[in-house]
Structure formats: C-alpha cells, structure tokens
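# Summary of the model geometry
Chain by chain, the residues run as shown.
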Amino acid sequence: MSKHKHFVRDVDTLASETCVSGEIDTGTSTSPVTVLTPTSGYKLDTRSVYIGTDSTSGEIEVKFPTSNKLLGKIYCSKFAMVTLDGIRITGGTNESIQISWSGLDTGAKIFYVIRYKEVQ
C-alpha cells in the first residue's frame, strides 16, 4: 500500500481569464482599430483568437503593434474565419491589440473574439 496521497485539484482556468468580442464595420471604420488595451502597467497574455469576416478578398491581421507579434491572420480569398485555440502570445507592458485590414470587399464586416489574461 502506497503512503503517497494523490488528489486531483479542480482548476477552472477560464475563471481567471476573460475575453473581448466585437464587430468592426469596415465601411465606417478605418484600419487599424485598437480592440483591447491592458490596465496601466500590465501585459495582455492571449489564450485564443477567433476572426471571421464576410469578405471574399483581402487580408485581416490581429497583432500587438509595438512588438509586431502576430496573433492571427486571414487571407479572405481562401478562408472566411480562423480559430486559434491554445496560443499563448504575450505583448509588452501597456501594449494594446489591434486589428488591421486591407483589400476587403466594400462594407465588409469583421467579427472577433480574443481570450486573454492580464499579467504583470
């Protein structure tokens, strides 16, 4: 009989994470659009990114603009959406996340969801 005690800890990782979502109307917005800014003195630690669009042409990027870390990209002539689960890309202190686009269909819409934690 083993003297070691084994236990399973019930950890809800989503309880310590949050997400932001929204829709960008490229007919009324100008690229790039800042979609998330951390609390002063903190960093955004991303956990997943979803990007969807109704455009059939052009490109969409989600990135940390200062460090130029790319979180996700769609080549709209090939894909209408992309889900990137299980990523972990951390921006710099006070660095926001931006969505930029080029060559999209007139009046195209972009839907996004970004799951993240704020860390010091």
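Up top is the structure.
Residues numbered from 1 in each chain as written. Predicted model: local features only at pLDDT ≥ 70, side-chain atom pairs only at ≥ 80, totals over all residues. Heavy atoms only, no water.

### Remarks on the pattern of salt bridges
The cut-off we apply is this: By definition here, a salt bridge exists when the distance from a side-chain nitrogen of Lys or Arg to a carboxyl oxygen of Asp or Glu is within 4 Å. Runs of E in the DSSP output that reach at least two residues are strands. Runs of H or I that reach at least four are helices, and both are numbered from the N terminus.
Going through the model one piece at a time under the given rule, you end up with eight salt bridges. For K109, the salt bridge identified is with D25, shortest N-O distance 3.8 Å. Here D25 lies in strand β1 (residues 18-25) and K109 lies in strand β8 (residues 109-119), a separation of 84 residues in the sequence. For E61, the salt bridge goes to K73, with nearest N and O atoms at 3.1 Å. Pair noted here: E61 is in strand β4 (residues 59-64) and K73 is in strand β5 (residues 69-75), with a separation of twelve residues, a long-range link.

### Topic: the sheet that holds strand β3 (residues 43-53)
For clarity, the threshold we go by: Pairing between strands is defined by DSSP: at least two bridges between the two strands are required. Orientation is described by lines fitted to C-alpha atoms, with helices fitted over the stretch in contact, and by angles between N-to-C directions that extend from 0 to 180 degrees.
Sheet architecture is open: four strands sit in the order β1-β8-β3-β6, paired in antiparallel fashion. Both edges of this open sheet fall to β1 and β6 (81-90), since each of them pairs with a single strand only. Each adjacent strand pair in this sheet contributes to an overall mean axis angle of 15°, direction not counted. Two elements, β1 and β8, share eight bridges in a ladder whose sense is antiparallel. Counted as the bridge partner of S21 is V113 from β8.

### Things to note about the nonpolar core
The test is simple: Here, nonpolar core means buried Ala, Val, Leu, Ile, Met, Phe, Trp, Tyr and Cys residues that are tied together by side-chain atoms lying within 4.5 Å of each other. A simple rule labels every residue: compare its accessible area, found with a 1.4 Å probe on the protein chains alone, to the largest value its type can have, and call it buried under 20%, exposed over 50%, or partly exposed in between. Here, residues are in contact when the closest pair of their heavy atoms is within 4.5 Å.
One finds I97 and I99 to be the most contacted residues of the largest nonpolar core, which totals 24 residues. Secondary structure elements with two or more residues in this core: β1, β2 (33-36), β3, β4, β5, β6, β7 (97-102) and β8. It is β8 that provides the largest number of residues to this core, a total of four residues. Residues contacting I99, with those up to four places away along its chain left out, are I24, S31, P32, V33, V35, I60, E61, V62, I110 and Y112.

### Some points on the side chain of S55
What counts is decided by this rule: Any N or O atom pair separated by 3.5 Å or less is treated as a polar contact, with the protein-specific requirement of one donor-capable and one acceptor-capable atom, and with residues adjacent in sequence counted only for side-chain atom pairs.
Its place among the elements puts S55 in the loop between β3 and β4. The class of S55 is buried, set by a relative accessible area of 3%. Separated by 2.9 Å, the side chain of S55 and the backbone nitrogen of D105 make a polar contact. Apart from residues lying up to four places away in sequence, S55 is in contact with C76, L104, D105 and A108.

### Regarding the sheet that holds β2
Taken in spatial order, the four strands of this open sheet run β2-β7-β4-β5, and their pairing is antiparallel. Each edge of the open sheet is held by one strand with a lone partner, namely β2 and β5. Pairwise comparison of adjacent strand axes, ignoring direction, gives a mean angle of 25° for this sheet.

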